[in-house]
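Inside the fold
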Amino acid sequence: MIPGPIGIFDSGYGGLTILSQIRAQMPQYDFLYLGDNARTPYGTRSFEVVYEFTSQAVKKLFEMGCPMVILACNTASAKALRTIQQIDLPKIDPSKRVLGIIRPTVEYLDDITETRHVGILATSGTIKSQSYPLEIKKLFPDITVSGEACPIWVPLVECGEAKSDGADYFVRRHIDNLLAKDDKIDTLILGCTHYPILYDKIRQYTPSHIKVITQGEYVGKSLVNYMERHPEMDRLCTKQGTCRFLTTESGDIFKQYASIFFDEDIQVQSIALK
Ligand code: DGL
């Protein structure tokens with residue numbers, strides 16, 4: 001296989017919060033980001049549709065030379081990762097890899113929660129999939145997990161309302177709902193890539209003894225560790241420190257909205273997925 005960049009896929013812009021943290025920990029690697037902005041959001045879509053769209057994106061990133069793709073989207077990780085790994089990958093190219101971001105996020109929980117009660121804030125799709133409780137139970141069966149779907153948080157971020165006064169009501173409502181389900185929660189996971197943009201407000205309405213966990217740092221740590229354990233994959237990842245961007249929307253629109261998530265002047269190419 002010819003070496004190439006690491007593919008980072010998200011339904012839209014949210015994966016940029018993951019990409020920044022991965023690049024901070026792996027600055028020497030090359031990355032190719034793909035946002036399916038024309039079909040976002042995925043959070044309210046069915047399993048079948050999220051799988052179909054994600055599978056198309058992964059194939060495109062493979063075609064464009066990526067030896068490995070990270071699904072930097074919780075909804076895609078929850079609804080499509082397993083099928084892509086088990087059914088698609090053996091047919092497309094068993095030497096390539098597709099990894100998600102749910103497992104890396106929960107791997108470190110053991111050292112974080114003391115009460116062993118954890119809360120998940122995520123899209124409706126991720127919450128309905130039960131992926132977080134299932135992954136957590138596999139690793140730490142003694143942890144109790146409660147979830148709350150926050151369907152309006154992604155639109156709030158994408159409409160540039162994350163810092164507005166109107167956002168407070170919706171942020172507070174979902175945090176209160178979650179804490180009412182389990183008052184022993186001492187750790188909140190932001191299980192959607194858009195939510196770090198709401199971090200200040202989430203922190204403001206979360207009691208100070210509760211830790212608020214964003215994913216990027218843990219995903220980066222886990223990928224560094226993966227490369228150390230898999231030198232055969234590491235050799236296939238090119239390392240010149242470049243980062244390119246693809247979108248299914250117009251490149252200009254992507255650039256404009258990406259600035260909410262990403263403080264960098266970027267070149268964006270528009271592509272079609274099918
Ligand atoms: N990026 C998605 C996630 O992390 C949220 C956006 C969407 O609904 O497409 O779940």
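A brief structural summary.

The rules behind these values
Residues numbered from 1 in each chain as written. Predicted model: local features only at pLDDT ≥ 70, side-chain atom pairs only at ≥ 80, totals over all residues. Heavy atoms only, no water. Near = heavy atom within 4 Å. Polar contact = N/O pair within 3.5 Å; in protein donor to acceptor, adjacent residues only side chain to side chain. Areas by Shrake-Rupley, 256 points an atom, 1.4 Å probe, with all protein chains shown as cover. 1 Å grid on protein atoms, 1.4 Å probe; cavity = no way out; pocket = protein on both sides within 12 Å on 5 of 7 lines; lining within 4 Å. Sits in = over half its atoms within 2 Å of the grid points. Nonpolar A, V, L, I, M, F, W, Y, C, P; charged D, E, K, R; others polar. Pairing = 2+ DSSP bridges. Helix = DSSP H or I, 4+ residues; strand = E, 2+ residues; numbered from the N terminus. Axes fitted to C-alpha atoms, helices over the stretch in contact; angles between N-to-C directions. Contact = heavy atoms within 4.5 Å. Buried < 20%, exposed > 50% of the residue type's maximum accessible area, 1.4 Å probe, protein only.

This part takes up the site of the ligand. Among the 14 residues in the neighbourhood of the ligand, the closest are listed as Ser11, Tyr42, Gly43, Thr75 and Thr193. Take Ser11: an N or O atom from its side chain is 2.6 Å from an oxygen atom of the ligand. One of the side-chain nitrogen or oxygen atoms of Thr75 is found 2.7 Å away from an oxygen atom of the ligand. For the ligand, the protein covers 99% of the area, taking 300 Å² as the surface of the free molecule. A molecule is said to occupy a pocket when more than half its atoms come within 2 Å of that pocket's grid points, and by this definition the ligand occupies the second largest pocket. For the shell around the ligand, the per-class residue count stands at 5 nonpolar, 8 polar and 1 charged.

Now for the sheet that holds strand β5 (residues 117-122). The 4 strands lie next to each other as β6-β5-β7-β8, forming an open sheet whose pairing is parallel. Each end of this open sheet is capped by a strand with a single partner; those strands are β6 (144-149) and β8 (211-213). Averaged over neighbouring strand pairs, the angle between their axes works out to 20° when direction is ignored. Taken together, the 3 bridges between strand β7 (residues 187-190) and β8 define a ladder with parallel strand orientation. What sits directly across from Thr187, in β8, is Lys211. Contacts from helix α7 (residues 131-139) reach β5, β6 and β7 within the one sheet, and its direction differs from that of β6 by about 165°.

Let us look at the environment of Val171. Here Val171 lies in helix α9 (residues 165-181). Residue classification places Val171 among the buried residues on the basis of a relative accessible area of 0%. Spatially, the C-alpha atoms of Val171 and Lys184 are 20 Å apart, while their sequence positions differ by 13 residues. Ignoring anything within four residues of it in the chain, the contact list for Val171 reads Trp153, Leu198, Lys201, Ile202 and Tyr205.

Now for the side chain of Ser11. Of note, Ser11 is situated in the loop between β1 (6-10) and α1 (15-25). Residue class for Ser11 comes out buried when judged on its relative accessible area of 6%. The residues contacting Ser11, other than those within four sequence positions of it, are Gly35, Asp36, Asn37, Thr40, Tyr42 and Cys73.

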